Amino acid sequence: MSISRRRFLTALPLGGAASMAAIKTMHAAAPAGVKIGCQTNAWRIDPREFSQVLGVLGELKGLGYEGFETGFRNVQGQFDNATQARRQLESIGLTFFGAHIFLEKYDAVTRLAPSDLITQVVDGAARLGAGD
C-alpha cells in the first residue's frame, strides 16, 4: 500500500494518531534500506531563526520520519557555522537528505539557479551533513 504526500498532508489535521498511522503505512511499504523522509515545506520557517528549523525537525522525528529535506534558505545561514549546526541537526536523529533551491527567478537561458549558488548550497549542505 502506498500513500501520496498530498493524501498524507490532508490527514495531518486529523491528529497525531492518524498521522502516525499514515507514516507507519509508508514504513511498512518501503523496500528494505529505504528511509522515509519529509520536506519541511509544510511548515512556516523564518530562515533567520535556525531554532525554528530545529523545532520543525523535532516535530518530524516525533511523527516517525527518519529523514528530511529542506529549502536551502532554511540552512544557508548556518554554512559558516557548520560544525555547531551539524551537531544540532545530528542530535535530533534524522538523516539530512538534502537541500533544494527554489528561486522566484532563474537564468533565462538555462532555467537553472546560478552555478555559484548551486556550488554554495551543495558544499554548505554537505558540511551540515546532507548526503552522508
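Residues numbered from 1 in each chain as written. Predicted model: local features only at pLDDT ≥ 70, side-chain atom pairs only at ≥ 80, totals over all residues. Heavy atoms only, no water.

Q: Explain the overall build of the protein to me, please; I cannot follow it from the model alone.
A: When helices and strands are tallied, the protein shows 6 helices and 3 strands. Mapped in sequence order, the helices and strands of the protein form the string α-α-β-α-β-α-α-β-α. Residues classed as buried in the protein amount to 35% of the 132 residues present. Considering only residue pairs separated by 6 or more positions, the protein has 74% of its internal contacts joining residues 24 or more positions apart. In the form shown here, the protein has an accessible surface area of approximately 8,100 Å², with 53% of it arising from carbon and sulfur atoms. (Helix = DSSP H or I, 4+ residues; strand = E, 2+ residues; numbered from the N terminus. Buried < 20%, exposed > 50% of the residue type's maximum accessible area, 1.4 Å probe, protein only. Contact = heavy atoms within 4.5 Å. Areas by Shrake-Rupley, 256 points an atom, 1.4 Å probe, with all protein chains shown as cover.)

Q: Even after reading the chapter, I still don't get the pairing of strand β2 (residues 67-71), so can you show me in this structure?
A: Two faces make up the sheet, and in a regular strand the side chains alternate between them. Within β2, 5 of the 5 residues are buried, leaving the element largely enclosed by the surrounding structure. Here 3 bridges tie strand β1 (residues 37-39) to β2, and the two strands are oriented parallel to one another. Residue pairing for β2: Gly37 is matched across the bridge by Gly67. (Pairing = 2+ DSSP bridges.)

Q: Explain the layout of surface pockets to me, please; I cannot follow it from the model alone.
A: Using a probe with the size of a water molecule, rolled over the atoms, empty space left in the structure can be pinpointed. When its volume is computed, the largest pocket comes out at roughly 210 Å³. Lining the largest pocket, in full, are Thr40, Asn41, Trp43, Arg44, Ile45, Pro47, Gly71, Phe72, Arg73, Asn74, His100 and Phe102. Of the residues assigned to the lining of the largest pocket, the class counts are 5 nonpolar, 5 polar and 2 charged. (1 Å grid on protein atoms, 1.4 Å probe; cavity = no way out; pocket = protein on both sides within 12 Å on 5 of 7 lines; lining within 4 Å. Points joined across faces, edges and corners; volume = space filled by probe spheres on them. Nonpolar A, V, L, I, M, F, W, Y, C, P; charged D, E, K, R; others polar.)

Q: Help me understand the packing of aromatic side chains in this model?
A: One pair of aromatic rings is described through two measures. These are the centre distance and the angle between the planes. Inspection of the entire model under this criterion finds 1 aromatic pair. Taken together, a centroid distance of 4.6 Å and an interplanar angle of 10° make the contact between Phe68 and Phe96 stacked. Remark: Phe96 occurs in strand β3 (residues 95-100) and Phe68 occurs in strand β2; sequence separation between them is 28 residues. (Phe/Tyr/Trp six-rings, centres within 6.5 Å; stacked < 30°, edge-to-face > 60°.)

Q: How should I be thinking about the side chain of Asn74 in this particular structure?
A: Relative to the elements of secondary structure, Asn74 occurs in helix α4 (residues 73-76). Among the residues examined, Asn74 registers a relative accessible area of 11% and is labelled buried. Beyond its immediate chain neighbours, meaning those up to four positions away, Asn74 contacts Thr40, Ile45, Pro47, Phe50 and Val53.

Q: Please clarify how the environment of Asp132 should be interpreted in this entry.
A: Structurally, the position occupied by Asp132 is in the segment after α6 (115-127). Its relative accessible area of 63% is what places Asp132 among the exposed residues. Along the chain, Asp132 and Thr95 lie 37 residues apart, while their C-alpha atoms are 7.9 Å from each other.

Q: Explain the environment of Thr83 to me, please; I cannot follow it from the model alone.
A: Tracing the sequence through the fold places Thr83 in helix α5 (residues 82-92). The class of Thr83 is exposed, set by a relative accessible area of 57%. Counting along the chain gives 46 residues from Thr83 to Gly129, while the straight-line C-alpha distance between them is 9.6 Å.

Q: Hey, could you run me through the nonpolar core in this one?
A: If you look at soluble globular proteins, the nonpolar side chains tend to sit buried side by side. Phe50, Leu57, Leu60, Phe68, Leu89, Phe96 and Leu128 are the most contacted members of the largest nonpolar core, which has 24 residues in total. The biggest single contributor to this core is helix α3 (residues 50-63), with 7 residues. The contact partners of Phe50, leaving out residues within four places of it in the chain, are Asn74, Val75, Gln78, Ala85, Gln88 and Leu89. (Core = buried A, V, L, I, M, F, W, Y, C linked by side-chain atoms within 4.5 Å.)

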